Amino acid sequence: MLCYISYGQNYVMKGNAAYNTGNYSAAIDYFSKYDKIALDADILERRGMSYYHVNDLKKAIRDFTNAKKLGNSNPDMYYRMGVIKHNLGEIEEAVFFYNTFIDQVDDEHKDYSRLH
């Protein structure tokens with residue numbers, strides 16, 4: 001059992017390493033092999049960000065939505081969802097996500113000035 005747990009964590013470690021170096025396709029592959037991803041809000045967010053960076057927006061939306069349902073409330077997800085919805089022409093939804101982002105961060109956040 002311990003070997004199985006560390007095997008799954010190995011995918012997370014490799015996925016994080018790929019993500020941190022900007023190799024988003026590899027990060028997606030590693031994170032997708034993690035058998036507990038459906039229960040891990042943080043890894044779902046990272047995989048969603050990876051999908052965002054490779055322009056697979058529908059999968060990014062899915063992962064961000066699932067991460068949120070699991071309790072992840074990282075403001076950056078709201079910003080990225082706003083950008084995605086904006087790019088898809090879903091302006092009302094984009095405004096909702098942008099406003100949620102603005103409500104959660106202060107003016108020191110790196111993306112705050114993009115919305116003001």
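So, here is what we can say about the structure in this document. (Residues numbered from 1 in each chain as written. Predicted model: local features only at pLDDT ≥ 70, side-chain atom pairs only at ≥ 80, totals over all residues. Heavy atoms only, no water.)

## Description of the overall build of the chain
Where we set the bar: Strands here are runs of E lasting at least two residues and helices are runs of H or I lasting at least four, both read from the DSSP assignment and numbered beginning at the N terminus. Each residue is placed in one exposure class: buried if its accessible area under a 1.4 Å probe, protein chains only, is under 20% of its type's maximum, exposed if it is over 50%, and partly exposed if it falls in between. When checking whether two residues touch, look at their non-hydrogen atoms; a contact exists if any pair is within 4.5 Å. To measure how exposed things are, a 1.4 Å probe is used in the Shrake-Rupley method; for residues, cover is taken only from the protein chains shown.
When helices and strands are counted, the chain shows six helices and zero strands. Reading the secondary structure of the chain in the N-to-C direction produces α-α-α-α-α-α. Expressed as a percentage of its 116 residues, the buried residues of the chain come to 43%. In the chain, of all internal contacts separated by at least 6 residues, the share reaching a separation of at least 24 is 37%. A total accessible area of about 7,000 Å² is found for the chain, and carbon and sulfur atoms account for 52% of it.

## Quick look at the packing of aromatic side chains
Worth spelling out the cut-off: Stacked, tilted and edge-to-face are the three classes assigned to paired rings of Phe, Tyr and Trp, where Trp is represented by its six-membered ring and a pair needs centres within 6.5 Å; plane angles under 30 degrees give stacked, over 60 edge-to-face, the rest tilted.
This structure, assessed with the given rule, holds five aromatic pairs. Residues Tyr19 and Tyr24 carry aromatic rings whose centres are separated by 5.6 Å and whose planes lie at 75° to one another, so their mutual orientation is edge-to-face. Taking relative accessible area as the criterion, Tyr19 reaches 16% and is therefore assigned buried. A residue is classified by how much of its surface remains accessible, and Tyr24, at 22% relative accessible area, is partly exposed. For the ring pair Tyr79 and Phe101, a centre distance of 5.2 Å and an interplane angle of 50° mean the geometry is tilted. Of this pair, Tyr79 sits in helix α5 (residues 75-87) while Phe101 is found in helix α6 (residues 91-104), placing the two residues 22 residues apart along the sequence. We classify Phe101 as buried; its relative accessible area is 0%.

## Topic: the packing of helix α3 (residues 41-53) against α5
Which entries qualify depends on this criterion: Helix axes are fitted to C-alpha atoms over the stretch in contact, other axes to C-alpha atoms as well, and angles between N-to-C directions run from 0 to 180 degrees. Throughout, the term roughly parallel applies to angles under 35 degrees, roughly antiparallel to angles over 145, roughly perpendicular to angles from 65 to 115, and oblique to all others. Crossings are sorted by hand: turned counterclockwise from the far helix by less than a right angle, the near helix makes the crossing left-handed, and turned clockwise it makes it right-handed. Polarity classes work like this: nonpolar for Ala, Val, Leu, Ile, Met, Phe, Trp, Tyr, Cys and Pro, charged for Asp, Glu, Lys and Arg, and polar for all others, with Gly in that last group.
It is the contact of α3 with α5, at a shortest axis distance of 11 Å, that shows an interaxial angle of 30°. The pairing of α3 with α5 is recorded here as roughly parallel in orientation. Helix-helix and strand crossings are classified by hand; for α3 and α5 the assignment is left-handed. For the pair α3 and α5, the contacting residues are Glu45, Met49 and Tyr52 in the first and Met77, Arg80, Val83 and Ile84 in the second. A per-class count over the contact of α3 with α5 returns five nonpolar, no polar and two charged.

## Details of α6
Formally: Helix span, as expected, comes to 1.5 Å for every residue beyond the first.
Between its first and last C-alpha, α6 extends 20 Å over 14 residues, near the 20 Å set by a 1.5 Å rise per residue. Taken together, the buried positions of α6 are occupied by Ala94, Phe97, Tyr98, Thr100, Phe101 and Ile102. Check the buried side of α6 and you find it contacts α5.

## Observations concerning the nonpolar core
Keep this limit in mind: In these notes, a set of buried Ala, Val, Leu, Ile, Met, Phe, Trp, Tyr and Cys residues joined through side-chain atoms within 4.5 Å is what counts as a nonpolar core.
If you look at the biggest cluster of nonpolar residues, it comprises 32 residues, and the most contacted ones within it are Phe64 and Ile84. For this core, the secondary-structure elements that each account for two or more residues are α1 (2-20), α2 (24-33), α3, α4 (57-69), α5 and α6. Among the elements that line this core, the one with the most residues is α5, at six residues.

## A short note on the pattern of salt bridges
What counts here: In what follows, salt bridge is the name for a side-chain nitrogen of Lys or Arg lying within 4 Å of a carboxyl oxygen of Asp or Glu.
Throughout the structure, instances matching the rule amount to five salt bridges. Taken together, the salt bridges that share partners define one network made up of Arg47, Arg62 and Asp63.

## Description of unusual backbone geometry
Backbone geometry places Asn55, a non-glycine residue, at a positive phi of 65°. Structurally, Asn55 is set in the loop between α3 and α4.

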